[in-house]
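Structure at a glance
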Amino acid sequence: MNRAARTAGAGRMHRLGLGMLLLLAMVTGLVVFSAQSASAHILPTTTVVLDVHESEVDASLRIPLDDIEAASGIDLGSGSAAEVAAQEDALRAYILAHFQPTSTSGQAWTVTVDTFGSGSTEELGTGVFGYITAVAHLTPPPGLSERDFELGYTVVVDKEITHIVIVSVRSDWASGALGTTRELGTIRLDTVTGVVSSLEVDLGDGSAWTGFVSMVSLGVDHIRDGVDHQLFLLTLLLPAPLLSIRRRWAGVVTARRSVRRIATITLSFTVGHSITLALGALGLPVPQQAVEALIAVSILVAAVHALRPIFPGREALIAGIFGLVHGMAFSATLTELDLSGGQLALSLLGFNIGIELMQLAVVALVLPPLMLLARTRLYRPLRLGAAGFAGIAAAGWLAARLGLPNPVADVADGLEGASFTVVAVLWLAAVVVVTLHSRAESRARVEPAGSGGAGSPSAPRPVAGGFSRRDSAGLARSSTGERTPQPKAPWLWRAGENVLRRARGAWDPPGLTRRSLTDYDPTWRASHPRLPWASGEVGEDFTRPTERSSTA
Amino acid sequence: MPKTTPFLDTPSLSRRALLGSIPVAALFLAGCSTTAASTATATSTATAIPTAAPAAPAAPAAPGSIAALAQAFQATLSTDQQATLVHEYTLANAELWSNLPQGLLGGSGGMGGAGGAGGGAMPSGAPGGSTIPSGAPAGGMTGGQGTGSAGPRLGLSLGDLSDSQLASFNALLAAVTGSTAGLGYDEIQQHLNADDYLEANGGGSDYGRANFYISFLGAPSDTGMWEFQFGGHHLAVANTYNNATLVGATPAFRGIEPFSAFDGNGRTNQPLAVKAAAFTALLAGLTTDQLATAKLGSVYSDIVLTPGNDWAFPTAHEGLQVSVLSDTQKALVLAAIAGYVNDIADADAATILSKYQGELADTYVAYSGTTALTEQNDYVRIDGPSVWIEYSMQHGIVLAGNHPHSVWRDRTTDYGGTKA
């Protein structure tokens, strides 16, 4: 590489450092709230929650026990499951008599009611109250839209006129509404006229495109909020820039090579989970608990591998195999949506695309600082710390998913937002490294070689390799009379210099010569005929002496 | 010689990678920041609580008047306390009362309050209540219209008053709420004891007299409009004065838990006993035929005109018309009405009661559930040309056993007649 480009590179890095700081400010300033919607109702209310499917609407009912008893005259005792089951026919008849949706043109819909249950809860200001649950399936006459109709719901409220029914939509694939419940309105007494209002459900336009886009977004959210999926991939990528030598991580591979590795691992993971996502969504039964436990195992395995290589060179294979497991978990999200036909096919595609996009974004965000830091002494503690953390979290999850709830799993579950922090810290570290490095570079240019001297304790550490070339470049420029940067406040400059020296001591490893590495493991060269430096893409820093001596 | 290695041996790669990843990072963040931005908007709306207090000091009111006592109480307060106490006279502020403890009125309630004060777009609950909300509001918030409340109460907590400030407030409260035994001031003292009882018996810190609030909407004076607001869990006093005259004593909410007698603060308390006894006597005094006419067909699990359901009186009167009753029975109806009207200053109460007495023939009595008025969903209503009183038995919240909610409204003088 030519000198001019290198010098220009240093300046660009300063700007880059600033840019990254801005980015970090954005990342750390990012707080995600979940908007809470709770109006202060004094008495228990009925909730009717709609799930809109292709040509059918499911209405999940939750009716307070006292109120349905008072309105229907059906005695449900204490509202236990058995008592509700015993009165199922009476309840069904009562509900069917008071739940008669019609199309806007007047045709009656078909209604069936099943899945009776009961429970109790407490809402703001209500005290604890019992309720019954049921699901009503509403089907419009053939050829009529399921998106616009009179709900025709008067259960309880026609008799108990102080009662309030809140109607909302939980999922409506074609309008892109999946995860967020939207209130449609209330059914209640108009106190002035004494009439109980009816409610027209108008879901507006829906389209396959809207549904598809929302599935992409769901996929993105799934990875963004899925700490375990992210943790598996990232932990597996942690040692990707490193060489495995004699069952230890040592040295770095070339950048091109680590990019290739990261790409292969990510791709294998994608292929793996795409297969099972599709199979699961199409109906292959998924043993939920076992899958969740296996996901924890996958993170554990990746963590151990990041500590000590246990399957060096086979990361892609492992990623693919565990990808199959993660895909099964992904499929559960789609199964829950209870989709069919064209909606299912589009969902599968969109959801997977969303997952891949977010996965790609995570990798792209983490990869640059990781590869940068892999070339510093910081990386070893970082790798060990991260792997240790992932291992502990995975162990906690594993225990929890095998039926032993524990605080470790709770904490790990609460880390949803923490990936931002992790990314921020990585980038911060990378910014610091880049900034200090380019300052060291310009400092080395400013200072004449003889003045401080390599032996002087106040001088920066002697530089070699790339630095030495840049030194000579700096000197050459100085001798031609080019303006060199002068410190505005000498004391500040000196203070900075001290920080710089200490910091550089931390990341500039006293590297090994190529010879010393081959000396250290004579068989290694023979077993690796395509040495990285043989092709000219040299990575000169390999293991630190301490690592070497500990294995010797 | 050990070779020092530059930490960036392949600068071209890292620069490219770093540069290249910035758009990706931006995309990644854009997805997340949309949520953050919309949340930020919502939060800033929530914090805009209506507090604009009129600063102009009012002229001294006539000695011995309610306004003079209010000014005297105000004078005992620090500047900060006065700023907390006095708020603008608006319907939106006047509607900030509820049966719920203050602690349950935060969150989304605060939003509603802010919206009402900011844009005057408060749903009035008038005929508009019949139209169906066509969907969630743009902000995604479900308003507290109806059973909910617009937001937390304004004003100064009883818990923030010194002994001398409290004494001055009690003098004002006694003058506002009258001297009838078991009603008015006496009932409110028992009411506060009841909430202390709840605090000590499972309710926790959301309950207790420190959660009762005093507020002046407008500066008390002999000229112009102002409202004396005092309330907390199960209690709302709302007296509106215009040019030194009481122009509205409603909406007045009274509920109580525990409903049965209990010991507290050195006495035996049963705050709503007088009201409950008057209703029971009224229903007990009716014949079987009269009761059949008075009985409503629906089930009432609560009062109809709940907090926030303002200016939403039914057009039609239901039940038994008082004109057909005997004088004894009429007296029982009037006694039940007096159970609420006597919650205000004696002279004011006499004026209002004589007005209601004059309208008695066109007043209706209706009930639902049992006439004992002790069971859940037991309900009684007195509905006249002006008077509107509802009393509803509900299940316990903090304690076991049923407890009543009740409201006294007036078809013309709620909020002193302020409708917008």
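Just above, that's the structure.
Summarised in this report is the structure supplied together with it. (Residues numbered from 1 in each chain as written. Chains lettered and ligands numbered in written order. Predicted model: local features only at pLDDT ≥ 70, side-chain atom pairs only at ≥ 80, totals over all residues. Heavy atoms only, no water.)

Let's shift gears to the packing of helix 5 (residues 208-225) of chain A against helix 10 (residues 341-373) of chain A. Two measures define how a pair of helices packs: the angle their axes make with one another and the distance between the axes. All names here are of chain A. Packing of helix 5 against helix 10 leaves a shortest axis separation of 7 Å and a crossing angle of 40°. In terms of orientation, helix 5 and helix 10 fall into the oblique class. Handedness of the helix 5/helix 10 crossing: right-handed. Packed against helix 5, whose contacting residues are Ala208, Phe212, Met215, Val216, Leu218, Gly219, Val220, His222, Ile223 and Arg224, the element helix 10 presents Leu346, Ser347, Leu349, Gly350, Phe351, Ile353, Gly354, Ile355, Leu357, Met358 and Gln359 at the interface. (Axes fitted to C-alpha atoms, helices over the stretch in contact; angles between N-to-C directions. Helix = DSSP H or I, 4+ residues; strand = E, 2+ residues; numbered from the N terminus. Parallel < 35°, antiparallel > 145°, perpendicular 65-115°, else oblique. Left-handed = near helix turned anticlockwise from the far one by under 90°. Contact = heavy atoms within 4.5 Å.)

Turning our eyes to something else, we now look at the packing of aromatic side chains. Scanning the entire structure with this criterion turns up 21 aromatic pairs over all chains. Plain terms: the ring middles of A:Phe232 and A:Phe269 are 5.3 Å apart, the flat faces sit at 45° to each other, and that makes the pair tilted. In this pair, A:Phe232 is assigned in helix 6 (residues 227-237) and A:Phe269 in helix 7 (residues 255-281), connecting sequence segments 37 residues apart. Taken individually, A:Phe232 and A:Phe269 each receive the classification buried, so the pair is uniform in this respect. For the ring pair B:Tyr300 and B:Tyr379, a centre distance of 4.1 Å and an interplane angle of 5° mean the geometry is stacked. Placement of B:Tyr300 in the loop between helix 9 (288-294) and strand 11 (320-321) and of B:Tyr379 in strand 13 (residues 379-383) is noted, with a sequence separation of 79 residues between them. The buried category is assigned to B:Tyr379, whose relative accessible area is 0%. Within the aromatic cluster, the residues linked to one another by ring pairs are B:Phe73, B:Phe169, B:Phe212, B:Phe216, B:Trp226, B:Phe228, B:Phe230 and B:Tyr241. One cation-aromatic arrangement involves A:Arg62 over A:Tyr131; the distance from NZ or CZ to the ring centre is 5.7 Å. (Phe/Tyr/Trp six-rings, centres within 6.5 Å; stacked < 30°, edge-to-face > 60°. Buried < 20%, exposed > 50% of the residue type's maximum accessible area, 1.4 Å probe, protein only. Lys NZ or Arg CZ within 6 Å of the ring centre and 35° of its normal.)

Residues and elements named next belong to chain A. Read across the open sheet, the three strands follow the order 3-6-11; overall the sheet is antiparallel. Single-partner strands in this sheet number two, and they are strand 3 (102-103) and strand 11 (200-202). In the sheet, strand 3 pairs with strand 6 (residues 148-150) via two bridges, with the strands oriented antiparallel. Following the sheet pairing, Ser103 is matched in strand 6 by Phe149. (Pairing = 2+ DSSP bridges.)

Below, the discussion takes up unusual backbone geometry. All names here are of chain B. Going from Thr250 to Pro251, the amide bond is cis rather than trans, its omega being 5°. In this structure, Pro251 sits in the loop between strand 7 (245-248) and strand 8 (252-255). Residue Pro258 follows Glu257 across a cis peptide bond; omega there is 5°. Take Pro258: it is sitting in the loop between strand 8 and strand 9 (262-264). Even without a glycine there, the phi angle at Asn243 is positive, about 50°. Inspection of the secondary structure assignment puts Asn243 in the loop between strand 6 (235-242) and strand 7.

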